[in-house]
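Chain residues, written in single-letter form:
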Amino acid sequence: MTGRHNGTRRAAWAAVVVLVLTGGSVLGGGAARADDGIDKLSAQQIADRSRDALLSVRSLRLTARGDLGGGSPPTTLRLTLDRDGNCDGSVDLGHGQGSVRIVKRGDAVWVRPDADFWKSQVPNGGSAFAAILQGRYMKGSASDPRLRGLAAGCDLDTFQKLVSDNANNDRGTLNKAGKTTLDGAPVVPLTRMRDGRTTTTYVAATGKPYPLRITLRGDGANAVVNLSAFGKPVPTTTPPPDQTYDISALLGRTSAPA
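A brief look at the structure comes next. Everything numeric in this text was worked out from a predicted model, so none of it was measured. (Residues numbered from 1 in each chain as written. Predicted model: local features only at pLDDT ≥ 70, side-chain atom pairs only at ≥ 80, totals over all residues. Heavy atoms only, no water.)

Looking at the overall build of the protein chain
So the rule is basically this: By definition, any uninterrupted DSSP run of H or I lasting at least four residues is a helix, any uninterrupted run of E lasting at least two residues is a strand, and each is numbered from the N terminus. Exposure is judged per residue with a 1.4 Å probe applied to protein chains only, and the accessible area is read against the type maximum: over 50% gives exposed, under 20% gives buried, and values in between give partly exposed. Here the accessible surface of atoms and residues is derived via Shrake-Rupley with a 1.4 Å probe, and residues count as covered only by protein chains that are part of the display.
Scanning the protein chain from terminus to terminus reveals 7 helices and 13 strands. Each of the 258 residues in the protein chain was classed as buried or not, and the buried ones make up 49%. Within the structure as shown, the protein chain displays about 11500 Å² of accessible surface, and the carbon and sulfur contribution to it stands at 49%.

Structure (structure tokens):
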């Protein structure tokens, strides 16, 4: 149900990040280090170290917004996630299709779709779900097939594996621009053009060379991904019992398809 729709959207955004951070050479595999003079390196060396930095982090915040092209509506994604599978955030599907609040701790997953989501994504029976929930979260297990896609998207370890597994894909010529600033922080932009689209990664030029922003432009796409809060813990607060409803009990009370 919700996992199927939103898991697809998150997979698309993950693919954007993987596309930019994989650049035709095998990862060095070493621990990420501070590189205050990183702007003196080649574009490929910077890309390699940026991937190493991303693969070394245990938690981060990802904010994505825009249109990925292909007829998909503009989507907004806000997630804080870690390598232990904990997650906290939301997905807004855009164009009045609704939004979903997501919390995951260990094997437990809570999701709270809004009224627009039920109306647009579950037209046959969505109103029945909404009437029963009355603003409460659905709660289930990360192994529940109805929530499995959503749970996988909330795991930083899964995302990092995608980046690592695609490390030696050829993605076109990579170019480096001169050092500039992003929200006051020094960065080095790396640009790659492929299939009519331009992707630009802004790599931190001081401290660990984390990718701080990724933009995708062209061929119907106009999107931006921001990465921040590296190493900061995912919020531990979970919805209280009186604000939750077991997903199996919910489905047992309505004939709407799961």
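Describing helix α4 (residues 126–133)
Formally: Note: the arc covers the axis-to-C-beta directions of the helix.
Those residues of α4 not exposed but buried are Gly126, Phe129, Ile132 and Leu133. With its buried residues spanning 130° around the axis, α4 presents them on a single face. Immediately beyond the C-terminal end of α4, within one or two residues, lies glutamine 134, with a positive phi of roughly 50°.

Examining unusual backbone geometry
Although it is not a glycine, histidine 95 sits at a positive phi angle of roughly 50°. Relative to the elements of secondary structure, histidine 95 occurs in the loop between β3 (87–92) and β4 (99–105). The backbone of glutamine 134 sits at a positive phi, close to 50°, despite the residue not being glycine. In this fold, glutamine 134 is placed in the loop between α4 and β6 (137–141).

Here's the deal with helix α2 (residues 43–56)
We apply this condition: Expected span of a helix, by definition, is 1.5 Å for each gap between consecutive residues, and there is one gap fewer than residues.
In this model α2 runs 20 Å from its N-terminal to its C-terminal C-alpha over 14 residues, within 8% of the 20 Å that 1.5 Å per residue would give. Counted residue by residue, α2 has 10 buried out of 14 residues, so it is predominantly covered. Three or more residues of α2 are buried, namely Ala43, Ile46, Ala47, Asp48, Ser50, Arg51, Asp52, Ala53, Leu54 and Leu55.

Remarks on the pairing of strand β5 (residues 108–113)
Our working rule: When DSSP finds two or more bridges between two strands, those strands count as paired.
A large share of β5 lies buried, amounting to 5 of its 6 residues. Relative to β5, β4 runs antiparallel, the two being bridged by 6 bridges. Bridge assignment links arginine 105 to a residue of β5, and that residue is alanine 108. Connecting the antiparallel pair β4 and β5 is a turn made up of 2 residues, with glycine 106 showing a positive phi of about 60°.

Here's the deal with the pairing of strand β12 (residues 221–228)
Counting buried positions along β12 gives 6 out of 8 residues, so the element sits mostly inside the fold. In terms of strand pairing, strand β1 (residues 59–67) meets β12 through 7 bridges, oriented antiparallel. Of the residues in β12, the one forming a bridge with arginine 65 is valine 224. Pairing of strand β11 (residues 211–218) with β12, which is carried by 6 bridges, proceeds in the antiparallel orientation. The partner of arginine 213 across the bridge, within β12, is asparagine 226. Between β11 and β12, which pair antiparallel in sequence order, lie 2 residues; one of them, aspartate 219, sits at a positive phi of approximately 55°.

Description of the pattern of salt bridges
Selection criterion: The salt bridge definition used is simple: a Lys or Arg side-chain nitrogen within 4 Å of an Asp or Glu carboxyl oxygen.
Inspection of every chain in the model, using the stated rule, returns 6 salt bridges. Among the ionic pairs, aspartate 39 bridges to lysine 40, the shortest N-O distance being 3.3 Å. On the accessibility criterion, aspartate 39 (16% relative accessible area) is buried. Its salt-bridge partner being arginine 51, residue aspartate 48 comes within 2.3 Å of it at the nearest N-O pair. Within this pair, aspartate 48 and its partner arginine 51 are both found in helix α2, separated by 3 residues, close to a single helical turn.

Brief notes about the environment of isoleucine 214
Examined against the element boundaries, isoleucine 214 turns out to sit in strand β11. For isoleucine 214, a relative accessible area of 1% corresponds to the buried category. Considering only alpha carbons, one finds isoleucine 214 and valine 203, 11 residues apart in sequence, at a separation of 9.1 Å.

Points about the packing of aromatic side chains
We count it as follows: Only rings of Phe, Tyr and Trp enter the pairing, Trp through its six-membered ring, and a pair is recorded when the two centres are within 6.5 Å. The plane angle decides the type: under 30 degrees is stacked, over 60 is edge-to-face, the rest tilted.
This model, assessed by the stated rule, comprises 3 aromatic pairs. With a centroid separation of 5.9 Å and 80° between ring planes, the pair formed by phenylalanine 117 and tryptophan 118 is classed as edge-to-face. Note on accessibility: phenylalanine 117 and tryptophan 118 belong to one class, buried. Between tryptophan 118 and phenylalanine 129 the ring centres are 4.8 Å apart and the planes differ by 25°, which places this aromatic pair in the stacked class. Of this pair, tryptophan 118 sits in helix α3 (residues 115–121) while phenylalanine 129 sits in helix α4, and the two are 11 residues apart along the sequence. With a relative accessible area of 3%, tryptophan 118 lands in the buried category. Judged by relative accessible area, which is 0%, phenylalanine 129 ranks as buried. By the ring-pair criterion, three or more aromatic residues cluster together here, those being Phe117, Trp118 and Phe129.

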